[in-house]
Amino acid sequence: MKCEVVFPTPLPDDPQKWDGWNKYKSTNPYERLCLDAEENPTNELIEEHCRELLRWWQKKLPLKNQPSNPVAQLLRAGLDESSRYLTEARMELLDPERRKKADAVLAAEAEQQAIAEFNKVLAFSIADGGLRPEEEKALQRFGAEHGLSEEKVLEFIEAKLKETGTTRIVPEPEVKVETTVAVAPGDTKSEFLRVLQLSGLDGESMTDDQRDALINIAENSGLDPGDAEDMVDEYLEEIDRKQIADITKAKAKPPTPVGRNGTSAVKGSPKVKVVEEPVPAATPKRAVLSPQQERKRYPNYSNSLGGQMFLIPSGEFIMGNPFPDAPPNETPHFRVTVTRFYMSRFPITNAHYEAFDPLHKSKRAPATGDRHPVVYISSLDAMKFCQWLSIRERKKYRLPTEAEWEYAAKGTDGRRYPWGNFDKRGDLANFADKNTSFAWSDRQIDDGYAESAPVGSFPRGASPFGIEDMSGNIWEWCSNFFEQYKPTPKTDPHGPPSGTKRVYRGGSWKSRFASLRTTTRSANLPNFSCNDLGFRIVCECES
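Rules of the game
- Residues numbered from 1 in each chain as written.
- Predicted model: local features only at pLDDT ≥ 70, side-chain atom pairs only at ≥ 80, totals over all residues.
- Heavy atoms only, no water.
- Helix = DSSP H or I, 4+ residues; strand = E, 2+ residues; numbered from the N terminus.
- Buried < 20%, exposed > 50% of the residue type's maximum accessible area, 1.4 Å probe, protein only.
- Contact = heavy atoms within 4.5 Å.
- Areas by Shrake-Rupley, 256 points an atom, 1.4 Å probe, with all protein chains shown as cover.
- Pairing = 2+ DSSP bridges.
- Salt bridge = Lys/Arg side-chain N within 4 Å of Asp/Glu carboxyl O.
- Phe/Tyr/Trp six-rings, centres within 6.5 Å; stacked < 30°, edge-to-face > 60°.
- Lys NZ or Arg CZ within 6 Å of the ring centre and 35° of its normal.
- Polar contact = N/O pair within 3.5 Å; in protein donor to acceptor, adjacent residues only side chain to side chain.
- Axes fitted to C-alpha atoms, helices over the stretch in contact; angles between N-to-C directions.
- Parallel < 35°, antiparallel > 145°, perpendicular 65-115°, else oblique.
- Nonpolar A, V, L, I, M, F, W, Y, C, P; charged D, E, K, R; others polar.
- Core = buried A, V, L, I, M, F, W, Y, C linked by side-chain atoms within 4.5 Å.
- Expected span 1.5 Å × (residues − 1).

A.B. asks: Explain the overall build of the protein chain to me, please; I cannot follow it from the model alone.
C.D. replies: For the protein chain, the count of helices and strands is 14 helices and 14 strands. Of all 543 residues assigned to the protein chain, the portion counted as buried reaches 48%. Relative to all contacts within the protein chain whose residues are 6 or more apart in sequence, the contacts with residues 24 or more apart total 69%. Carbon together with sulfur atoms contributes 53% to the accessible area of the protein chain, which is approximately 26700 Å² in total.

And the structure:
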């Protein structure tokens, strides 16, 4: 059973810089000692981890006499209980017979969890009344990644189909022959490009099902699915450019019959000879819609969990902090263009996340209900939730980029906070006020909450786009790895492709008011989690 706890050397003195300390009470003895069962740790390694963890906790014992200390409040019962639980785990793993039994229990739990996850994905795959080939392949991959044999996966699928009366279906894309295209034979990319051209589909008419069917055709032909996705995207962009060019031509001259795709821009694809006039180099990629047109075309909606998704229209803004007192990681500021997207009105709640992972209920922060924002979530957990919701709804859900998050929070007028430039009010956000016991707590303000608040508790703090709880309450994961800003204009920036820390934004109930700025940034390891860090989601707009 894979243990995701990090055991840095030396152990950080600050408990907020790693999460291994809070596993001391886990039912998994390996996890208590920050060990990975799959790596079959030696007795020496078991002894070493136990010794270092006991030493770490021993250094924290003086905090028992400082109940108002924030670190003491964070560690709480561990100051009394950790030694016993760590020693029990050590004894269990050093005894061969007890360790063998523990391994068997963990293996059984892992298999049951894998089966439960698989059945959940299987239910979503057949939710529309049929099982497509690409969905069955995805189920096989999912099963293999979670340790289930191909035979067992097939057995589960057959049983579910029989139970629900669902059948396997093979969708076929609509094919309209409109042109004759000369293509070099024997090349899988050429053949797939020909299928795209013959489909007669464009960005407006291609449905998700048709796109999935086309990708499945490409995969069955031996083409990498990622390359196929790129080819579809570039094909649709070429069609958009062609349609715009046709609209601008003089109507008196009838158009010459042309293929759906001119000179392909796909890397590695062959040149395709078609009869058409060359597309002007300066032609824009697609028609530009005004914010009003975007709102009409992309109305707000509620997802399958009941969460409200608000449209954030395309626009430009100044990213970063332009004020003289700006911290170094918020400067320099620069201009960013953002393409429309949907964002969840509120952070993801306990109830919404536990529809994906029911086991998380045991990890809830004390005294929090269904409408409180989910916490103790790593960025990896958040991404898995987005993948699950994407499969469930056949939409593209993900974490927001830093640019999308900041644009949704501040709009285009450069405000300091989502609600504007005024501060020091308890009706705008949940932050470190008189209900908290931090050294920086503002004793003059009462926002009504000692820790997190149910989402939507501060409607006056909404951003220009109506997005709530963007400042305070909990920090929110973004998809970007951390990097210092560079003063160059950007369009839809996604940040570096890799890194050691992932960004989160917005401040929390532990933050001082001044840290609730729309430009405030922080970052930590992708698998880091704590009691004031959660996430919200975005959904990409269909073309």
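Let us keep going from here.
A.B. asks: Honestly, the sheet that holds strand E13 (residues 533-534) in this entry has me stumped. Any pointers?
C.D. replies: Sheet strands pair via backbone hydrogen bonds, and the direction of the pair is either parallel or antiparallel. Taking strand neighbours across the sheet as the criterion, the 4 strands line up as E12-E11-E9-E13 in an open arrangement whose pairing is mixed. Every other strand in the sheet has two partners, leaving strand E12 (521-524) and E13 as the edge strands with one partner each. As judged from the 2 bridges shared by strand E9 (residues 475-481) and E13, these two strands associate in the parallel manner. Directly across from tryptophan 475, in E13, lies its bridge partner leucine 533.

A.B. asks: When you look at the pattern of salt bridges in this model, what are you seeing that I'm missing?
C.D. replies: Side chains that differ in charge, positive against negative, can pair when their charged atoms come close. This model, assessed by the stated rule, comprises 29 salt bridges. Between aspartate 80 and lysine 64 there is a salt bridge whose closest N-O contact spans 2.8 Å. Here the residue aspartate 80 occupies a position in helix H4 (residues 78-94), and lysine 64 occupies one in the loop between helix H2 (43-60) and helix H3 (70-75), the gap between them amounting to 16 residues. On the accessibility criterion, lysine 64 (44% relative accessible area) is partly exposed. Of the charged contacts in the structure, one is a salt bridge between glutamate 483 and lysine 486, with a shortest N-O distance of 3.2 Å. Taking the relative accessible area as the measure of exposure, glutamate 483 reaches 29% and is therefore partly exposed. Judged by its relative accessible area of 46%, lysine 486 falls in the partly exposed class.

A.B. asks: Just to check I follow, could you spell out unusual backbone geometry for this structure?
C.D. replies: Trans peptide bonds make up most of the peptide bonds, and negative phi angles are found at most residues other than glycine. Residue proline 10 is reached from threonine 9 by a cis peptide bond, and omega for that bond is -10°. Tracing the chain through its elements places proline 10 in the segment before helix H1 (29-32). Cis geometry marks the peptide bond from threonine 331 to proline 332; its omega dihedral reads -5°. Structurally, proline 332 is set in the loop between strand E5 (315-319) and strand E6 (334-338). Unlike most non-glycine residues, tyrosine 376 shows phi in positive territory, near 55°. Here tyrosine 376 lies in the loop between helix H12 (350-356) and helix H13 (379-393). One non-glycine residue, asparagine 473, lies in positive phi territory at about 70°. As for its position among the elements, asparagine 473 is in the loop between helix H14 (402-410) and E9.

A.B. asks: I'm lost on the packing of aromatic side chains in this one. Help?
C.D. replies: What describes a pair of aromatic rings is the distance from one ring centre to the other and the angle between the planes of the rings. For the structure shown, the criterion picks out 26 aromatic pairs. Here tyrosine 353 and phenylalanine 356 contribute two aromatic rings whose centre-to-centre distance is 5.5 Å and whose plane-to-plane angle is 75°, an arrangement assigned as edge-to-face. Here tyrosine 353 and its partner phenylalanine 356 are both found in helix H12, 3 residues apart, which amounts to about one turn of the helix. For the pair tyrosine 353 and phenylalanine 535, a centre-to-centre distance of 6.3 Å together with 85° between the ring planes defines the contact as edge-to-face. In this pair, tyrosine 353 is assigned in helix H12 and phenylalanine 535 in the loop between E13 and strand E14 (538-540), connecting sequence segments 182 residues apart. Exposure remark for phenylalanine 535: the relative accessible area of 0% places this residue in the buried category. A network of ring pairs unites the aromatic residues Trp18, Trp21, Tyr24, Trp56, Trp57 and Tyr85 as a single cluster. Its guanidinium or amino end placed over the ring of tryptophan 56, lysine 60 lies 4.2 Å from that ring's centre, counting from NZ or CZ.

A.B. asks: Could you clarify how one ought to interpret the side chain of arginine 415 in this entry?
C.D. replies: For arginine 415, the location among the structural elements is in the loop between H14 and E9. A distance of 2.7 Å separates a polar atom in the side chain of arginine 415 from the backbone oxygen of proline 418. Apart from residues no more than four positions distant in its own chain, arginine 415 is found in contact with Ala409, Lys410, Gly420, Asn421, Pro464 and Thr518.

A.B. asks: For this particular structure, what's the right way to read the packing of H2 against H4?
C.D. replies: For any two helices packed against each other, one specifies the crossing angle of their axes together with the interaxial distance. The N-to-C vectors of H2 and H4 enclose an angle of 175°; their axes lie 10 Å apart at closest approach. Here H4 runs roughly antiparallel to H2, going by the angle between their axes. For the pair H2 and H4, the contacting residues are Asn43, Ile46, Glu47, Cys50, Leu53, Leu54, Trp57 and Lys60 in the first and Gly78, Leu79, Ser82, Ser83, Leu86, Thr87, Arg90, Leu93 and Leu94 in the second. Tallied by class, residues from the contact of H2 with H4 come to 9 nonpolar, 5 polar and 3 charged.

A.B. asks: What am I meant to see in the nonpolar core here?
C.D. replies: One finds Tyr342, Tyr353, Phe385, Tyr397, Phe535 and Ile537 to be the most contacted residues of the largest nonpolar core, which totals 28 residues. Counting residues per element, the ones that place at least two in this core are strand E4 (308-312), H12, H13 and E9. Top element by residues in this core is H13. It accounts for 5 residues. Counting residues in hydrophobic clusters, the runner-up holds 24 residues, among them Leu35, Ile46, Ala72 and Leu93.

A.B. asks: Looking at this model, I keep getting lost on helix H6 (residues 133-145). Mind explaining?
C.D. replies: The end-to-end C-alpha separation of H6 is 18 Å, in line with the 18 Å expected for 13 residues at 1.5 Å each. For H6, every residue scored as buried is listed here: Glu134, Glu135, Glu136, Leu139, Phe142 and Gly143. Immediately beyond the C-terminal end of H6, within one or two residues, lies glycine 147, with a positive phi of roughly 80°.

A.B. asks: Teacher, can you tell me more about the environment of phenylalanine 7 here?
C.D. replies: Relative to the helices and strands, phenylalanine 7 resides in the segment before H1. The spacing of phenylalanine 7 and leucine 33 is 26 residues in sequence and 8.9 Å in space, taken between C-alpha atoms. Excluding residues that lie within four positions of it along the chain, phenylalanine 7 makes contacts with Cys34, His49, Glu52 and Leu53.

A.B. asks: Is there a simple way to explain the pairing of strand E7 (residues 341-344) in this structure?
C.D. replies: Remark: a regular strand shows side chains that alternate across the two faces of the sheet. Of the two faces of E7, the one carrying Phe341 and Met343 and the one carrying Tyr342 and Ser344 are both buried. In this sheet, E7 lies alongside E4 in antiparallel orientation, the contact comprising 4 bridges. Across the sheet, residue methionine 309 finds its bridge partner in E7, namely serine 344. With 3 bridges connecting them, E7 and E14 associate as antiparallel partners. When the sheet's bridge partners are listed, methionine 343 is paired in E14 with valine 538.

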